[in-house]
Amino acid sequence: KNEVEQSPQNLTAQEGEFITINCSYSVGISALHWLQQHPGGGIVSLFMLSSGKKKHGRLIATINIQEKHSSLHITASHPRDSAVYICAVRPEMYSGGGADGLTFGKGTHLIIQP
Amino acid sequence: NAGVTQTPKFRILKIGQSMTLQCTQDMNHNYMYWYRQDPGMGLKLIYYSVGAGITDKGEVPNGYNVSRSTTEDFPLRLELAAPSQTSVYFCASSPLPPGTGVGYGYTFGSGTRLTVV
């Protein structure tokens, strides 16, 4: 069974701090997604990774396929980064047709204080 | 603005009632999904569609039905609502088959918070 574990579950930091959120999974994957869920509930897709590293603004996502681990980093954090960050993976051997096959983590609740 | 539109945003149902959650996207995406999010849990896939006229079950389909008569619309029907269906429901769409392309992402609706009492 594919498990996705995120850490920490909750994180409170001061504005300007460098933030790291971790995601570990238990099976080989073809893709890993990072999503951001705003306090109002809306979900935004941040990254899809299959290897290496991606950067968008102050957000950086890395993945280590051998270690089955991904990290989401936020540089120069700001209160508007406060949200729940969700990791989701698609198993490498998924054969469910058009279904997304994603297993979602429970999310990391991040609060950035001014 | 282009995107995925869900209605209603909030709804309270009595046990045994029925309702339809509406989802519309204007990005011409073939792939559409319905998820539910329970407190402290990860999102779970209810149903999905790979194009107009084609739907299939996800991980937790019991108690729900869907239809996809057009590319734009993917309504989710709850028949005989039960307290276990109290959840937040998200509709999403994507342009490509999952896992087949780099750079694609999901576009999510803003969610429907449903309470069954």
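Just above, that's the structure.
Rules of the game
- Residues numbered from 1 in each chain as written.
- Chains lettered and ligands numbered in written order.
- Predicted model: local features only at pLDDT ≥ 70, side-chain atom pairs only at ≥ 80, totals over all residues.
- Heavy atoms only, no water.
- Helix = DSSP H or I, 4+ residues; strand = E, 2+ residues; numbered from the N terminus.
- Buried < 20%, exposed > 50% of the residue type's maximum accessible area, 1.4 Å probe, protein only.
- Contact = heavy atoms within 4.5 Å.
- Areas by Shrake-Rupley, 256 points an atom, 1.4 Å probe, with all protein chains shown as cover.
- Lys, Arg positive; Asp, Glu negative; His and termini not counted.
- Charge placed at Lys NZ, Arg CZ, Asp CG, Glu CD.
- Pairing = 2+ DSSP bridges.
- Axes fitted to C-alpha atoms, helices over the stretch in contact; angles between N-to-C directions.

### A few points about the overall build of chain B
Here comes step 1: Of the regular secondary structure elements, chain B holds 0 helices and 11 strands.
Here comes step 2: Written out in order from the N terminus, the α and β elements of chain B read β-β-β-β-β-β-β-β-β-β-β.
Here comes step 3: For chain B, the spread of C-alpha atoms along the three principal axes comes to 40 × 30 × 30 Å.
Here comes step 4: The buried share of chain B, taken over its 117 residues, is 44%.
Here comes step 5: Expressed as a percentage of contacts within chain B between residues at least 6 apart in sequence, the contacts between residues at least 24 apart total 55%.
Here comes step 6: Summed over all atoms, the accessible surface of chain B reaches about 5500 Å², with 53% contributed by carbon and sulfur.
Here comes step 7: Each charge class in chain B was averaged separately, 9 positive and 7 negative side chains, and the resulting centres sit 9 Å apart.

### Brief notes about the side chain of H29(B)
Here comes step 1: For H29(B), the location among the structural elements is in the loop between β3 (19–25) and β4 (31–37).
Here comes step 2: Sequence-distant contacts of H29(B), that is, excluding residues within four places in its chain, are made with R68(B), T71(B), S93(B), S94(B), P95(B) and T107(B).

### Focus: the sheet that holds strand β6 (residues 53–56) of chain A
Residue and element names in this part refer to chain A.
Here comes step 1: Strands sit in the order β1-β3-β8-β7-β6 across an open sheet of 5 strands; the sheet is antiparallel. Each edge of the open sheet is held by one strand with a lone partner, namely β1 (4–7) and β6. Geometrically, the sheet is characterised by an average inter-axis angle of 15° between neighbouring strands, direction not taken into account.
Here comes step 2: Across 4 bridges, β6 lies against strand β7 (residues 59–64) in antiparallel orientation. Within β7, the position partnered with K55 by the bridge is I60.

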